[in-house]
Amino acid sequence: MSKNPPNYISTTNACKLCTPLGAALAFKGIEGAVPYLHGSQGCATYMRRYIISHFNEPIDIASSSLSEKHAVYGGGANLKLGLMNVTQKYRPQLIGIATTCLTETIGDDVKLFLREYEKEVEGEKPIMVQVSTPSYNGTHMEGFHNAVASVVAALAGKEGDEDTSGGVNILPGFVSPADIRYLREITDDFSLQATILPDISDTMDGPAAKTYEKIQPGGTPLSSIASMGNGMGSIEFGHTMSDDSGGVLLARKFGVENVRIAMPMGISASDRFFDHLTRLSGSPIPEKYRGERGRLVDSYVDGHKYIYGKKAIVYGEEDLVVGLTAFLAEIGVMPILCASGGKSGKLAEMIRQATDDLLPEQPQVHEGMDFYDISELAESLGPDLLVGHSKGYPLAQKLSIPLIRVGFPIHDRMGGQRILHLGYRGAQQLFDLVVNACIAKKQGDSSIGYSYM
Amino acid sequence: MELLKEREEQIHRTGEQPFTLSCNKDSLAGAVSQRACVFCGSRVVLYPIADALHLVHGPIGCAVYTWDIRGALSSGPELHRLSFSTDLQEIDVIFGGEKKLRSALLELIERHSPKAAFVYSTCIVGIIGDDMEAVCRQVEKETGIPVIPVKSEGFMGNKRAGYTAACNAMARLIGTGETTGISPYSINILGDFNLAGEIWLIREYFERMGVEVVANITGDGRVADIQRAHGAALNVVQCSGSTMDLARMMEDEYGVPSIRVSYFGVEDMAQALYDVANHFNDPEMLERTRQLVKEELQELLPKLEFYKKALKGKKAAIYVGGSFKAFSLVKAFRLLGMVVVMVGSQTGTEQEYQELAEITDPGTIIVDDTNPLELTSFLEEKEVDIFVGGVKERPIAYKLGVGFCDHNHERKEMLAGFVGMLNFAEEVYSSVMSPVWRFTCQKEKGREKMCSIAVANPKE
Ligand code: SF4
Ligand code: SF4
């Protein structure tokens, strides 16, 4: 089998999004925050549209709305004006400022502008956190992780009562609101005081409300972030981010022990997560989760024959791909191609580590892929399943195979924000999805009309 | 609501004299404008040309957010549905992206054999100073197909500037094709993008009238048709902004006159067909047109009755890209017996807003380039039943317990033409009449407490 990735100069149907989108989403998970793009108007509008179509929630991303003359003379004045207007209209507690390709290219010194703003503008000002997010360098995931790291660098401390300290910090990366709600439930059940950063569970999946909130309630409380330095430990999901992640910064600055684990997807990875929680809390895994795990194993057994040996292509963000691949491998599905638009250089190794004892042969693993490349490889690989977000649908349709929708964006179905990926419960839902997709395919391909499969 | 002071002059209430509304201003920094950028405008207009290659020269985001998001259908090739990008990297930003652009173009043209290529510049291309013009000229020479740069750096203005850039790009194609054999009763359809197959419907109407359609500009568009578009006798232009420039240019250069029409709503649709027939001044054609309208109305009007009865007196708010569409929507709601309480657009002109003020009831809010906070306050103030807008407005409406109808480029429902009016009524009806609203916090009586929900991380 050729393991050479297709190598084209042009990109067709990218399998990644741009850096500031990730940053904006991360900022949305902070209490009282408004994401702000320092750049021209179009980027913010495009990203809002893209995000809204997944979450079905309002997301206001402010922009400096730079025009031609600002591009020539620098965007400092517009940045300050914009910050002033956002402050006045939204009364945010925090403004999360991400740059765009434009302002990075013209070399705007946002740090300097912010120092000037601090001096020039009177009155109460929200906290400003800034992150540099040129899209010609990285994907939305770099944007996401770097924004989280910026928040930690700017706001984390050892505030609060030393005695009450000893919570756990969880940095889950880009997961769904449903995932975050579940993580909260788990830590609550362990009686662990947890700071989950960021937390989009309420801000990007809010209930129907009486009035329109300018800033949706929820998000990681600023006061919790301020005391992250007191934590007894941090758990960070994912292995492909840089060495300057939020968890690493907390360790460096405050000596909070940081463990990086793969996204807890499937039984093995979830076990590791629960082991850490057991260790940190000193309590055994609550009954409830042993029950979940038990039912999950039971269902693995019940359903294994429908899916054994099915060949799957997995695509999306690198850490999600690692998590999904590990999960698929443990239920007997054969990942044959793992692809991402990201380029951490670590994807293949992480997949090998997660699946070495499960797979007779490692899948092809390629970074920097787009859907043209994936499509081209798919032709000869003959997959039975695609696993990833909505943008794989055209390929699934072309190959007449099911698409298991996970991750972001889900633009062609309801409820992307409610997809649960993590832990035993997430694995249960994914397992049912995968098995049922295979059953439905078999049922649909047959002319008999079986009502019993 | 307290408005941002700078925004005051972009909002007007009908009946509050005198009328002034400033528009076509740059969006205000820090206000969350619903507007997009120049690139977006160009992309909207050119994108439906289905046998052309559309290459976005820039970093990945600009291309990926516009991948197949519009419902512009093609009856043949579907090259337009792919999202091509040069995906500029740091090294390209430092040393320039010309080489990469050139190689990407050659690679893609060889792979897909398009009839022409459009190359869109994005913001940073304007800054790093790539000579797109030169690269395009060179590749055009090597490949023998038109390779046309579209100057669409996002920061050069708003969507309107993008329309102009797109028209300039198409102007380079027009006039290069053979025009023999074109009927004297011939038109180009400008400004329809074949969402949900609408242009097929409109073409069929014209064909029933005995009018030849030379080029679709640009819904289900083809390069070769556009190249011979100057051979048509008339340009029929829909929508205020997007293709007006092209019509003007064709009038100057080739003497092709143009008329402006709208295909939304019964009145405007019929008017459009009559205007074309009247232009050709052919009694038989006029008769055929009358017949066509009569048949269509006979079919449609009885079916509309049901919806009129149900929707009478319901309140509608409109916020769309171009104000010309806003006019048609105002009329369409009238036909349904509904009341329009707010109307606005991203890119209207002062005159258009003035005309809107004239046809709307006193107290109607008229607004240019609004933002989520303003929209929210308008919807709350006017107790709107249905909001017509684009995807970005949808969650705002829903959060406020207001029905919604997508009238933008992403929609998959045919809303133009006579049958479009029925679809429109149906869509409005299915949102307004849904029983789900009774549970939203705005309407729920007696269980208000259920609407206060603690968040996971309550503020201290
Ligand atoms: S310019 Fe950069 S930030 Fe803006 S949409 Fe394009 S890739 Fe994203
Ligand atoms: S970078 Fe410029 S062209 Fe691209 S989306 Fe942003 S504003 Fe538009």
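It should be noted that the structure appears before, not after, this text.
These numbers come from a predicted model, not from an experiment.

Taken together, the neighbourhood of ligand 1 is formed by A:C18, A:P20, A:C43, A:M47, A:T100, A:C101, A:S135, B:P59, B:G61 and B:C62. Nearby residues around ligand 1 are contributed by chains A and B. Using a 2 Å cut-off from the grid points, one finds that ligand 1 occupies the second largest cavity. Those elements giving two or more residues to the shell around ligand 1 turn out to be α2 (41-55) of chain A together with α2 (60-64) of chain B. In terms of residue class, the shell around ligand 1 is built from 7 nonpolar, 3 polar and no charged.

Picture a little ball the size of a water molecule; that probe, rolled over the atoms, points out where space is still empty. In total, this model carries 11 cavities of 30 Å³ or more according to the counting rule given. When residues of the lining of the second largest cavity are traced back to their parent elements, those giving at least two are α2 and α5 (101-105) of chain A together with α2 and α5 (123-128) of chain B. With 4 residues, the single largest contributor to the lining of the second largest cavity is α2(A).

Right, let's get into the packing of aromatic side chains. All told, the structure shown has 26 aromatic pairs over all chains when counted by the stated rule. With a centroid separation of 5.4 Å and an interplanar angle of 40°, the aromatic rings of A:F274 and A:Y289 are classed as tilted. Of the two residues, A:F274 sits in helix α11 (residues 266-281) while A:Y289 sits in helix α12 (residues 287-307), which places them 15 residues apart along the sequence. Across the pair, A:Y289 and A:F274 agree in class, each one buried. An angle of 20° between the planes, with centres 6.2 Å apart, marks the rings of B:F387 and B:F404 as stacked. Of the two residues, B:F387 sits in strand β13 (residues 386-389) while B:F404 sits in strand β14 (residues 403-406), which places them 17 residues apart along the sequence. Across the pair, exposure class does not vary: B:F387 and B:F404 are buried alike. Three or more aromatic residues link up through ring pairs in this structure, and these residues are A:Y182, A:F190, A:F237, A:F273, A:F274, A:Y289 and A:Y424. In this structure, B:R43 is placed above the aromatic ring of B:Y120, and the distance from its NZ or CZ to the ring centre is 6.0 Å. When the ring centre of A:Y8 is taken as origin, the NZ or CZ atom of B:R111, which lies over that ring, is 4.5 Å away.

Rules and cut-offs
Residues numbered from 1 in each chain as written. Chains lettered and ligands numbered in written order. Predicted model: local features only at pLDDT ≥ 70, side-chain atom pairs only at ≥ 80, totals over all residues. Heavy atoms only, no water. Near = heavy atom within 4 Å. 1 Å grid on protein atoms, 1.4 Å probe; cavity = no way out; pocket = protein on both sides within 12 Å on 5 of 7 lines; lining within 4 Å. Sits in = over half its atoms within 2 Å of the grid points. Helix = DSSP H or I, 4+ residues; strand = E, 2+ residues; numbered from the N terminus. Nonpolar A, V, L, I, M, F, W, Y, C, P; charged D, E, K, R; others polar. Points joined across faces, edges and corners; volume = space filled by probe spheres on them. Phe/Tyr/Trp six-rings, centres within 6.5 Å; stacked < 30°, edge-to-face > 60°. Buried < 20%, exposed > 50% of the residue type's maximum accessible area, 1.4 Å probe, protein only. Lys NZ or Arg CZ within 6 Å of the ring centre and 35° of its normal.

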